[in-house]
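Coordinates in review
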Amino acid sequence: MFFREKSHKAYLSKQKLHIARYKDKVRGVMQVCSVVISFITIFCIVCYHGFYISLPIKNLIRWVIYGSLLFYVAKYFTFLYYSLHRREFLRRSWFEFIVIILLIVQFLSVFIFHFKFFSNENFENYYLLFVQFYFLIMVLIELAKMSSSLGKYNLSPPILMVASFLLLISIGTILLLMPRMTVNGISFVDALFTATSASCITGLSVVSTSACFTVKGQIVIMILIQLGGMSILSFATFFTTFLSRSSVGLRYQYLVRDMMSTDRLSDSFSLLRSIVLTTFIIELSGAALLYTYWKTTGFFVSNSDNVLYSLFYTISAFNNGGFVLMDESLLNLGSVHSYFPQVIIMILVFLGGIGFLTIRDFFSARYIRDRKKYPWKTLMPQTKVILITTFGLIIIGSLLFYFIEKDKSLSVQTSFVDKVFTAVFQIVTCRTSGFTILDLNSMALPSIIMIIFLMFIGGSPGSTAGGVKTTTFFVMLKSVMATIKGKKRIEFQHKTISFELVDKASSIITMTFIFILISCFLLTLVQPDVDLRNAIFETTSAFTTCGLSTGICAEWNTLAKLILIVNMYCGRIGTLTLAFALTKHKKESQHQYPDLYMMVG
């Protein structure tokens, strides 16, 4: 017994010595193999969904995916074996452990016990999709672990923002160019335009989404809208922090803090989690309501069409994307005079346009409970500004639109209720999302000017909407009123609006106006036959990522489309973020020159 215990201790000692000596080498080899196998498998999956391939190639791809998952299982247990602190390793990689256990159970149930959860004829296709989903989760975990190496590059938040959207647009363009994504193919410029419009949640389109793209292509567009609306960096940061607890999440959190104007880093992490959870809760609720309505009315014959349309319209509405799967009016999404789908879309557009901070402040159960418990606690000043400005624009805009258009574009509506509903819907959606139920070409010029003004203002900060933002407009309006009244300070509800904030707001409005003006000038150069009204409307819609269109941009040449692509990209990034990313900041000197006085105005 003594010799057995002694030999066991000697074996454990040799094992620890072996692990300490070879763990770094084994980890290095496994990481290299992981990168190579991941790239090969991703390439195979893209080919499987993007190209028309033969049955032998399909079978080969299937075994490549199975083999890659088997490698990830072996890699995990190899890392576990070569870990000196195995309990700590399991604690840090608990999510990966659960995924691998589920994967092993699935493989055993299918290949050993022959349990099939689909019919025999569809089992192979659905199970392969299921396995691909597992693989993508494993790749996501690997990317989260590898992301810690990004910290050494010291990339600023604006550069990360600029690069992330470039990457998303590039991947989207490549995917949309694949044969199985379109019905009869698509040109590079049109694919780039669509990918940019979806990633920048604009909604402008030079091809019909329903007629040009297959279901797979429409799903790619839907994913681009989702990632672009949440901001791919918010999505990446959430999963990086959740899956690997990587320190690079800290750098991304600074970006989220700057974007959402929170005060502390802890606020940014809390907000990050809130953004992801709020997005999925609202979108799942919207999709469920649309699905239930269309199911009960029998609007879609196929259940799969009902699911696709419900998800697509929900994601497009909440992210203010403006893409549609029907070329006809949105009023055709239900029976006549039944406006339930349009009301759901309006609510989703409204929630997506007021921003995540406002949603959390106004709807959070904890915040509501605190306000009831402590009467001195009220809504944040920013929330009040956003709600006052948003409702003010909607109410005034709807009234003006109704009285201008009641005998023009609204004349197609038979009743007073129909006209009022259409006017409200048009104003709610024209500010940010680009959905329309009227022909823009039939509208009077004053209505077009009003819509351009509303698009220019756009949504609210921290939202999925574009434009200069409601808070920017509010600050400038208060500044103008204070100047007219001869006040030295700008005040709102017993608080002073700093001149630094006024300078920032005026810079945003000025840069946006100049960018749109330059775009219009270039557009009239490359597309000489363009009407000035259409040039201003399309460039404003593109830069403010609204997506409303007269339909004429589909007929423009390549250079004109490229100008709109640049507008959509720069508008989504934001003028200030783009300026910060492209310029080097110098330290401000301590000395101050004498004040300069001159006549203005």
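Here goes a summary of the coordinates provided. It should be emphasised that the depicted structure is a prediction, and the values quoted were computed from it without experimental measurement.

On to the overall build of the protein chain. In terms of regular secondary structure, the protein chain is built from 24 helices and two strands. Within the span of the protein chain, comprising 601 residues, buried residues form 48% of the whole. Sequence-distant contacts in the protein chain: of pairs separated by 6 or more residues, those separated by 24 or more amount to 70%. Carbon and sulfur atoms provide 68% of the accessible area of the protein chain, an area that totals close to 31500 Å².

This next bit is on a nonpolar patch on the surface. Taken together, the side chains of F77, L90, W94, F97, I98, I101, L102 and V105 present a nonpolar region at the surface, about 640 Å² in accessible area. Here the element with the most residues in the nonpolar patch is helix α4 (residues 94-111); it accounts for six residues. You can call V105 partly exposed: its relative accessible area is 48%.

Evaluated as defined, the whole model comprises 24 aromatic pairs. Look at F300 and Y309: their rings are 4.6 Å apart centre to centre, the planes differ by 45 degrees, and that puts the pair in the tilted class. The burial state of F300 is the same as that of Y309; both residues are buried. Aromatic side chains F350 and F391 sit 5.4 Å apart centroid to centroid with 45 degrees between the ring planes, which places their arrangement in the tilted category. Within this pair, whereas F350 is found in helix α14 (residues 340-354), its partner F391 is found in helix α17 (residues 381-405), the two being separated by 41 residues in sequence. The exposure class assigned to F391 is partly exposed, which follows from its relative accessible area of 43%. Grouping aromatic residues by their ring pairs yields a cluster made of W294, F299, F300, Y309, F312 and Y313. Its end group placed over the ring of F79, R27 keeps NZ or CZ at 4.6 Å from the ring centre.

Now for the nonpolar core. By size, the foremost hydrophobic cluster in this structure holds 101 residues, and its most contacted members are I221, Y313, F401, I451, F537 and L548. Beyond its immediate stretch of four places on either side in the chain, I221 contacts L176, T194, A198, T209, F213, F312 and F323. Membership of the second largest hydrophobic core comes to 27 residues, among which are V73, Y76, Y134 and M138.

Moving on to the environment of P461. Note on placement: P461 falls in the loop between α19 (445-457) and α20 (470-485). On a C-alpha basis, the gap between P461 and Q382 in space is 9.5 Å, while along the polypeptide they are 79 residues apart. Once you skip the residues sitting within four places of it in the chain, P461 turns out to touch I354, G355, Q382, I386, K469, T470 and T471.

In a regular helix each residue adds 1.5 Å, so 12 residues correspond to 16 Å; helix α7 (residues 188-199) covers 16 Å between its end C-alpha atoms and thus fits that length. Most of α7 is tucked away: 11 of the 12 residues are buried. Buried residues of α7: V189, D190, A191, L192, F193, T194, A195, T196, S197, A198 and S199, and no others.

The next subject is the pattern of salt bridges. Scanning the entire structure with this criterion turns up three salt bridges. A salt bridge links D190 to K561; the nearest nitrogen and oxygen atoms lie 3.0 Å apart. Of the two residues, D190 is situated in helix α7 and K561 in helix α23 (residues 558-573); the sequence distance between them amounts to 371 residues. Of the charged contacts in the structure, one is a salt bridge between R489 and E491, with a shortest N-O distance of 3.8 Å. Here R489 falls in the exposed class, since its relative accessible area comes to 52%. A relative accessible area of 41% places E491 in the partly exposed class.

Taking 1.5 Å per residue, 16 residues should reach 22 Å; helix α13 (residues 303-318) reaches 23 Å between its end C-alpha atoms and fits that length. Within the sequence span of α13, burial applies to N306, L308, Y309, S310, F312, Y313, T314, I315, S316, A317 and F318.

Another aspect to go through is the side chain of S68. Within the element layout of this structure, S68 appears in helix α2 (residues 55-81). We classify S68 as buried; its relative accessible area is 1%. Ignoring anything within four residues of it in the chain, the contact list for S68 reads I37, T41 and F135.

Let us look at the packing of α19 against helix α22 (residues 532-543). Two measures define how a pair of helices packs: the angle their axes make with one another and the distance between the axes. Between α19 and α22, the shortest axis-to-axis distance is 9 Å and the interhelical angle comes to 25 degrees. Viewed along their axes, α19 and α22 adopt a mutual orientation that is roughly parallel. The chirality of how α19 crosses α22 is left-handed. Taking contact as the criterion, the partners of L445, I448, I451, I452, M455 and F456 in α19 are, on α22, R533, I536, F537, T540 and S541. Per-class residue counts for the contact of α19 with α22 are eight nonpolar, two polar and one charged.

A full pass over the atoms with the stated rule returns three cavities of 30 Å³ or more. Roughly 50 Å³ of internal volume is contained in the largest cavity. When residues of the lining of the largest cavity are assigned to their parent elements, the largest contribution, four residues, is made by α14.

In the structure shown here, the tally under the stated rule is zero disulfides. The thiol of C44 is unpaired, and the distance to the nearest cysteine sulfur, on C47, comes to 6.5 Å.

For the pair α17 and α19, the least separation of the axes is 10 Å and the interaxial angle reads 165 degrees. It follows from the interaxial angle that α17 and α19 lie roughly antiparallel. Our pair here, α17 against α19, has a crossing hand that is left-handed. Residues L393, G397, L400, F401, I404 and E405 of α17 form the contact with α19, whose own contacting residues are P446, S447, M450, I451, L454 and I457. For the contact of α17 with α19, the per-class residue count stands at nine nonpolar, two polar and one charged.

Definitions and cut-offs
Residues numbered from 1 in each chain as written. Predicted model: local features only at pLDDT ≥ 70, side-chain atom pairs only at ≥ 80, totals over all residues. Heavy atoms only, no water. Helix = DSSP H or I, 4+ residues; strand = E, 2+ residues; numbered from the N terminus. Buried < 20%, exposed > 50% of the residue type's maximum accessible area, 1.4 Å probe, protein only. Contact = heavy atoms within 4.5 Å. Areas by Shrake-Rupley, 256 points an atom, 1.4 Å probe, with all protein chains shown as cover. Patch = residues over 30% accessible without salt bridge, like charges linked within 9 Å, V, L, I, M, F, W, Y side chains within 5 Å. Salt bridge = Lys/Arg side-chain N within 4 Å of Asp/Glu carboxyl O. Phe/Tyr/Trp six-rings, centres within 6.5 Å; stacked < 30°, edge-to-face > 60°. Lys NZ or Arg CZ within 6 Å of the ring centre and 35° of its normal. Core = buried A, V, L, I, M, F, W, Y, C linked by side-chain atoms within 4.5 Å. Expected span 1.5 Å × (residues − 1). Axes fitted to C-alpha atoms, helices over the stretch in contact; angles between N-to-C directions. Parallel < 35°, antiparallel > 145°, perpendicular 65-115°, else oblique. Left-handed = near helix turned anticlockwise from the far one by under 90°. Nonpolar A, V, L, I, M, F, W, Y, C, P; charged D, E, K, R; others polar. 1 Å grid on protein atoms, 1.4 Å probe; cavity = no way out; pocket = protein on both sides within 12 Å on 5 of 7 lines; lining within 4 Å. Points joined across faces, edges and corners; volume = space filled by probe spheres on them. Disulfide = S-S within 2.5 Å.

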